[in-house]
Amino acid sequence: MRGHGNGRFITFEGGEGVGKSTQLVRLAEHLRGLGFETVTTREPGGTPKAETLRRILLSGRVAPLGALAEAALFAAARIDHVDKLISPALVRGAWVLCDRFFDSTRAYQGARGGVEPGALALLEKAAVGDLKPDLTIILDLPPQEGLARAAIRRASAGARADRFEAEGARFHEGLRRAFLDIAAREPERCCVVNGALPADEVARVIRQLVDARFLDAEPAAAQ
Ligand code: TYD
């Protein structure tokens with residue numbers, strides 16, 4: 001079943017190295033501290049089958065087939081992720097925090113990859129149906145800073161730049177604009193947070209956003 005249930009669905013979006021993963025963990029700690037069941041996950045990936053597709057996508061092996069083929073494979077990974085993990089968790093009433101979701105396809109394959117909006121909308125509908133995040137936090141950071149952070153993270157992990165990190169400066173500038181455009185088009189769903197602030201400060205801003213939107217009127221989770 002693909003439903004939303006009583007759970008809350010929050011996605012984190014932005015360019016490379018903006019601090020999404022760190023902030024997602026910080027928010028999960030906050031919510032668990034309040035007694036809520038909280039599931040953390042990521043895209044592409046989140047289930048064994050989708051993680052297999054993630055390895056193929058990030059290796060760059062699909063790139064020669066073009067951005068539409070990449071978008072189709074991201075959508076394929078998303079179908080399994082939504083069916084097996086996100087939807088069941090929301091139906092049980094859990095909070096689901098997801099590192100990237102359909103806005104990444106809109107920004108990377110759509111705005112930057114040039115996939116036609118009609119084709120993207122069809123893939124999106126097929127993958128997620130009517131499921132939409134309740135809140136999307138877009139972390140915004142100048143790309144030079146984000147890429148420098150991603151390079152440090154990679155060096156300490158002994159890894160190489162993946163398919164998308166390896167793109168040029170113009171690609172990453174365009175991505176930043178694409179995420180800001182998404183936020184401007186859907187201000188109800190999306191909040192832009194300044195990723196250049198110290199991590200503790202970013203975490204505080206995000207906690208406040210989430211508390212104000214979902215919790216201030218509600219008691220903490222049932223014990
Ligand atoms: P990841 O290592 O998770 O990057 P980051 O730490 O920046 O989130 O790799 C995911 C990459 O896949 C990232 O470069 C963005 C890209 N991507 C897309 O191009 N389209 C998508 O739909 C998704 C979910 C990710």
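Above this text you will find the structure in question.
Source: prediction; values computed, not measured.

Here is what the cut-offs are and how they apply
Residues numbered from 1 in each chain as written. Predicted model: local features only at pLDDT ≥ 70, side-chain atom pairs only at ≥ 80, totals over all residues. Heavy atoms only, no water. 1 Å grid on protein atoms, 1.4 Å probe; cavity = no way out; pocket = protein on both sides within 12 Å on 5 of 7 lines; lining within 4 Å. Points joined across faces, edges and corners; volume = space filled by probe spheres on them. Helix = DSSP H or I, 4+ residues; strand = E, 2+ residues; numbered from the N terminus. Nonpolar A, V, L, I, M, F, W, Y, C, P; charged D, E, K, R; others polar.

(A) Seen up close, empty space enclosed by the protein. Taken as a whole and assessed by the stated rule, the structure comprises 2 cavities of 30 Å³ or more. If you trace the largest cavity, you find 14 residues lining it, with Gly 15, Glu 16, Val 18, Leu 141 and Arg 176 closest to the centre. Among the secondary structure elements, those contributing two or more residues to the lining of the largest cavity are strand E4 (135-140), helix H6 (143-157) and helix H7 (169-185). Sorting elements by how many residues they give to the lining of the largest cavity places H7 first, with 4 residues. Broken down by class, the residue content of the lining of the largest cavity amounts to 7 nonpolar, 4 polar and 3 charged. A volume near 70 Å³ is recorded for the second largest cavity. Lining the second largest cavity are Ala 71, Phe 74, Ala 75, Arg 78, Phe 102, Thr 105, Arg 106, Leu 120, Leu 123 and Glu 124. Of all elements in the fold, only helix H3 (67-92), helix H4 (102-112) and helix H5 (117-128) reach the threshold of two or more residues within the lining of the second largest cavity. Looking at the lining of the second largest cavity element by element, the count peaks at 4 residues for H3. The class makeup of the residues in the lining of the second largest cavity is 6 nonpolar, 1 polar and 3 charged.

The values are spatial; any link to function lies outside them.
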